Amino acid sequence: GVSKPDVRFEDILGADDAKKELQYFVEYLKNPKRYLGTGVRAPKGVLLYGPPGTGKTMLAKAMASKSDVTFISAEGNQFLKQYVGEGPEMVHQLFKTARKYAPSILFVDEIDAIAKERSGGRDSKASEETLTAFLTEMDGFKNDTSKPVFVLAATNFDPQPGTSKSLDPALMRRFDRRIYVDLPKRDDRVRYIKMQTAKNSAFEISEEKINNLAVRSTGMSLAEL
């Protein structure tokens, strides 16, 4: 879908390191002409990776909001269609839309659906054709200072090669940076619990219980709390 999100980085608990890294690319989208004037090539995109439920989609929306650009989103499994050629055609249409509404952020969630490390099996042919279309589109980026398109992709998979949950190395080379979005730290979990309990004035919980719950929830995402 095409939208103009109103999510702010401040609205997202945790992921402080990811926010700082994304801010660099926000500055590019806000003033691409000045960025390219320094002699640096235009960035194509960033891969957000890490455990599920850590706010990768929210970070993408917040980046679009902070940059004041159009947000265009899709999910990787949308491209896995039944008919030959349908997936690649959807990829080309998606990038066409991103260019039409540029400056824009094109966000592809669960990109692993089309970007698993290639095995060469017959069942993977459709996803490989779709991935090839995606690579072709990223290679076709132009340094248009007035209408930049920036790709943000998210995955729970590992960007490093060699495992059953590895992503295709050719795709990894297209991204300017890989940003790890970690599980929330203890202080973030405390803040989240306090926010949730404050919504119901009839529900009282002591500071000690909040701290105990924060400790016991180590290794959990905020969605799991």
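Before reading on, note that the structure itself is shown above.
Residues numbered from 1 in each chain as written. Predicted model: local features only at pLDDT ≥ 70, side-chain atom pairs only at ≥ 80, totals over all residues. Heavy atoms only, no water.

The next subject is the environment of Gly85. Mapped onto the secondary structure, Gly85 falls in the loop between strand S3 (70-75) and helix H4 (86-100). Measuring from C-alpha to C-alpha, the distance between Gly85 and Glu129 comes to 7.7 Å, with 44 residues separating the pair along the chain. (Helix = DSSP H or I, 4+ residues; strand = E, 2+ residues; numbered from the N terminus.)

Below, the discussion takes up the packing of aromatic side chains. Considering all chains together, one arrives at five aromatic pairs under this definition. Seen in terms of ring centroids, Tyr24 and Phe25 are 5.1 Å apart; in terms of plane orientation they differ by 90°. Their pairing is edge-to-face. Tyr24 gets classed as partly exposed once you look at its relative accessible area, which sits at 38%. For Phe25, a relative accessible area of 2% puts it in the buried group. Consider the rings of Phe25 and Phe150, whose centres lie 5.3 Å apart with planes at 40°: the pair is tilted. You can see Phe25 sitting in helix H1 (residues 16-30) and its partner Phe150 sitting in strand S5 (residues 149-155), a full 125 residues away along the chain. By the burial criterion, Phe25 is buried, and Phe150 matches it. One aromatic cluster in this structure is built from Tyr24, Phe25 and Phe150. (Phe/Tyr/Trp six-rings, centres within 6.5 Å; stacked < 30°, edge-to-face > 60°. Buried < 20%, exposed > 50% of the residue type's maximum accessible area, 1.4 Å probe, protein only.)

This paragraph deals with the nonpolar core. Residues Leu22, Leu59, Met63, Ile105, Phe150 and Leu152 are the most contacted members of the largest nonpolar core, which totals 29 residues. Going through the elements one at a time, H1, helix H2 (32-36), strand S2 (45-49), helix H3 (56-67), strand S4 (104-109) and S5 are the ones with two or more residues in this core. At six residues, H1 tops the list of elements feeding residues into this core. If sequence neighbours within four positions are ignored, Leu59 has contacts with Phe9, Ile12, Ala15, Ala18, Lys19, Leu22, Leu48 and Val181. By size, the runner-up hydrophobic cluster in this structure holds 28 residues, among which are Ala102, Ile114, Ala133 and Met172. (Core = buried A, V, L, I, M, F, W, Y, C linked by side-chain atoms within 4.5 Å. Contact = heavy atoms within 4.5 Å.)

What follows covers the side chain of Ser67. Inspection of the secondary structure assignment puts Ser67 in helix H3. Taking the relative accessible area as the measure of exposure, Ser67 reaches 5% and is therefore buried. Within the structure, the side chain of Ser67 is placed 2.7 Å from the backbone oxygen of Met63, a separation counted as a polar contact. Leaving out residues up to four positions away in the same chain, Ser67 has contacts with Val26, Leu29 and Lys30. (Polar contact = N/O pair within 3.5 Å; in protein donor to acceptor, adjacent residues only side chain to side chain.)

Along an α-helix, residues three or four positions apart point the same way, because every turn accommodates 3.6 residues. In this model, helix H6 (residues 125-139) (15 residues) spans 21 Å end to end at C-alpha, consistent with the 21 Å of a helix rising 1.5 Å per residue. For H6, every residue scored as buried is listed here: Ser127, Thr130, Leu131, Ala133, Phe134, Leu135, Glu137 and Met138. For H6, the elements touching its buried residues are H4, S4, helix H5 (112-115), S5 and helix H7 (169-174). (Expected span 1.5 Å × (residues − 1).)

Along the polypeptide, Tyr49 turns up in strand S2. In this structure the C-alpha to C-alpha distance between Tyr49 and Ile179, which are 130 residues apart in sequence, comes to 6.3 Å. Contact partners of Tyr49, with chain neighbours within four places excluded, come to Lys56, Thr155, Phe157, Pro159, Arg178, Ile179, Tyr180 and Val181.

Summed over all chains, the structure comprises nine salt bridges. Between Asp11 and Arg8 there is a salt bridge, with its nearest N and O atoms 3.0 Å apart. With its nearest N and O atoms 3.5 Å apart, the salt bridge here joins Glu21 to Arg177. Placement of Glu21 in helix H1 and of Arg177 in strand S6 (residues 177-180) is noted, with a sequence separation of 156 residues between them. Take Glu21: its relative accessible area is 28%, and that puts it in the partly exposed class. (Salt bridge = Lys/Arg side-chain N within 4 Å of Asp/Glu carboxyl O.)

Take Lys56: it is sitting in helix H3. Buried within the structure, Lys56 lacks any salt-bridge partner; its nearest side chain of opposite charge belongs to Asp109, at an N-O separation of 6.6 Å. Of the polar contacts made by the side chain of Lys56, one reaches the backbone oxygen of Pro51; its length is 2.8 Å. Looking at Lys56, its side chain comes within polar contact range of the side chain of Thr54, at 3.4 Å. With residues up to four places along the chain from it excluded, the contact list for Lys56 reads Leu48, Tyr49, Gly50, Pro51, Phe107, Ala154, Thr155, Asn156 and Val181. (Lys, Arg positive; Asp, Glu negative; His and termini not counted.)

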